[in-house]
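These are the residues of each chain, in order.
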Amino acid sequence: MSSAVIVCATLKPFADYVGANITIAAFISLFVCLIPTTIGGLLSAIGIAGMDRALRANVITKSGKAVETAGDIDTLLLDKTGTITIGNRKATAFHPAQGYGVKEFTRLCVLSSVSDQTPEGKSVVELGAEMGMKVDPLQLIGVQMVQFTAETKCSGVDMPDGRRIRKGASEAILRIAAQAGNKCPAGIEETVRRISENGGTPLIVSENEQIRGVIELQDIIKTGIRERFERLRKMGVKTVMVTGDNPLTAKYIAEKAGVDDFIAEARPEDKLEYIRREQRSGKLVAMMGDGINDAPALARADVGFAMAGNGTDTAIETADVALMDDDLRKIPRFIRLSRATFAILVQNITLALGVKALFFALTFTGHATMWMAVFADVGTALLVVANGLRAMRQ
């Protein structure tokens, strides 16, 4: 509105300078034409239309800004568990160290997981039960549970008799054993390497900082995931898998899934640092995740995608876009919708500014009328809104 007033107020001196005769009626018509109704209408109409089209594809978008930004994404970070893989890793085998009995090691595995409520922890207890090892609840009286943290990367129990049983990432337990002056038993590192190279996740179990064996976890890569990443690559989007797994496991899954790059042994702050580094280089970054620890990265990314089907409430609330059916095929479709929406936006801006420029020229020649001004304002607004609604059919 203020721009229309400024233009009309300053136009008279310029008209007198060039010898153009502009009537009061022409000034009023010009003022009506320059009121920014068209611009306000086209932005909201396109955003709402894009959000509606996404909703019909089971994708909830919290703002039109996400629809506008997604088409320019350069890099897409994806949390591995639950996004690239099924997400329910299960214990498939217990590998005791040389000289340590299978029965004793199975008992340690079960005890180390009694406080672990994750699917992985529960699967260890279930596998132990299948092997005939069940823990009597009375035996847990006085047991102190040690919860998993991103810093220690291990969990376990402190027994009443003083034993400290831990289960965790291989590098974490190896470090704990080394700090206590205990050597790694023969064959353990080879077992860890073999499990990792086959795409599994090795968890080492220790007792009083002495390594007793390895638990093997296996996950399943989602069907058709490679083709979806190939589609994103053709659209110019770089895909990066983020995982807390060791580099060997991460490399195996990254190659099988077909992502362009991976970050292994990643902590929540590592995801944030990668996003900041990409943004400092001028790239737009999207993040896809489903867990509580993904929330900071989802908030920092230019566009945050949450897997709403199995995702946590924190991740869904933080993200800009929620995939209700956890289908990664919706990402390329959403990017195409964003690009189509931007193309319509360019068309509408060109149409709106073109009509106003034409009317501005007619004002100087003395051919502008009030009816032309009404069309240039309201008529053009209706045209751009109608054109913007085409995004609903993309």
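Being a predicted model, the structure only gives us computed values, none of them experimental.

A. Highlighting the sheet that holds strand 5 (residues 154–158). Across the sheet, six strands lie side by side as 3-8-7-6-5-4; this open sheet has antiparallel pairing. Strands with a single pairing partner mark the edges of an open sheet, and in this sheet they are strand 3 (90–96) and strand 4 (144–146). Across the sheet, the mean angle from the axis of one strand to that of its neighbour is 20 degrees, orientation sign disregarded. Direction of pairing for strand 6 (residues 164–169) relative to strand 7 (residues 201–207): antiparallel, over a ladder of five bridges. Among the inter-strand pairings, K167 is bridged to a residue of strand 7, identified as V205.

B. Focus on the sheet that holds strand 9 (residues 238–242). Pairing is mixed across the open sheet formed by seven strands, whose spatial order is 1-13-12-11-2-9-10. If you trace the sheet from one side to the other, it starts and ends with strand 1 (59–61) and strand 10 (261–263), each paired once. Averaged over all pairs of adjacent strands, the angle between their axes in this sheet comes to 20 degrees, without regard to strand direction. When strand 12 (residues 303–307) meets strand 13 (residues 321–323), the two strands line up parallel, connected through three bridges.

C. Examining the packing of helix 10 (residues 225–234) against helix 11 (residues 247–257) more closely. Remark: helix 10 packs on helix 11, axes separated minimally by 8 Å, with the N-to-C direction vectors making an angle of 75 degrees. When the interaxial angle is binned, helix 10 and helix 11 end up roughly perpendicular. Contacts between helix 10 and helix 11 involve I225, R226 and F229 from the former and E255, K256 and A257 from the latter. Each residue belonging to the contact of helix 10 with helix 11 can be placed in one class, and the counts come to three nonpolar, no polar and three charged.

D. Representation of the nonpolar core. Formed by 32 residues in total, the largest nonpolar core has its most connected members in L76, I84, F229, M288, F305 and I331. Contributions of two or more residues to this core are made by helix 4 (64–70), strand 2 (75–79), helix 10, helix 11, strand 11 (285–289), strand 12, strand 13 and helix 15 (330–365). Contacts of M288, omitting those with residues within four sequence positions, involve L76, L77, L78, D79, T83, L298, F305, M307, L323, L328 and I331. Counting residues in hydrophobic clusters, the runner-up holds 19 residues, among them L108, C109, M159 and L217.

E. Local environment of unusual backbone geometry. Positive phi values are uncommon outside glycine, yet N208 reaches one of about 55 degrees. Within the fold, N208 resides in the loop between strand 7 and strand 8 (210–218).

F. Fine view of the packing of helix 9 (residues 188–197) against helix 11. Where helix 9 meets helix 11, the closest approach of the two axes is 7 Å, and the angle between their N-to-C directions is 20 degrees. Taken together, the axes of helix 9 and helix 11 lie roughly parallel to each other. In this structure, helix 9 meets helix 11 at a crossing whose hand is right-handed. Residues R193, S196 and E197 of helix 9 pack against L248, T249 and Y252 of helix 11. Residues belonging to the contact of helix 9 with helix 11 are distributed by class as follows: two nonpolar, two polar and two charged.

Scoring rules and cut-offs
Residues numbered from 1 in each chain as written. Predicted model: local features only at pLDDT ≥ 70, side-chain atom pairs only at ≥ 80, totals over all residues. Heavy atoms only, no water. Pairing = 2+ DSSP bridges. Helix = DSSP H or I, 4+ residues; strand = E, 2+ residues; numbered from the N terminus. Axes fitted to C-alpha atoms, helices over the stretch in contact; angles between N-to-C directions. Parallel < 35°, antiparallel > 145°, perpendicular 65-115°, else oblique. Contact = heavy atoms within 4.5 Å. Nonpolar A, V, L, I, M, F, W, Y, C, P; charged D, E, K, R; others polar. Core = buried A, V, L, I, M, F, W, Y, C linked by side-chain atoms within 4.5 Å. Buried < 20%, exposed > 50% of the residue type's maximum accessible area, 1.4 Å probe, protein only. Left-handed = near helix turned anticlockwise from the far one by under 90°.

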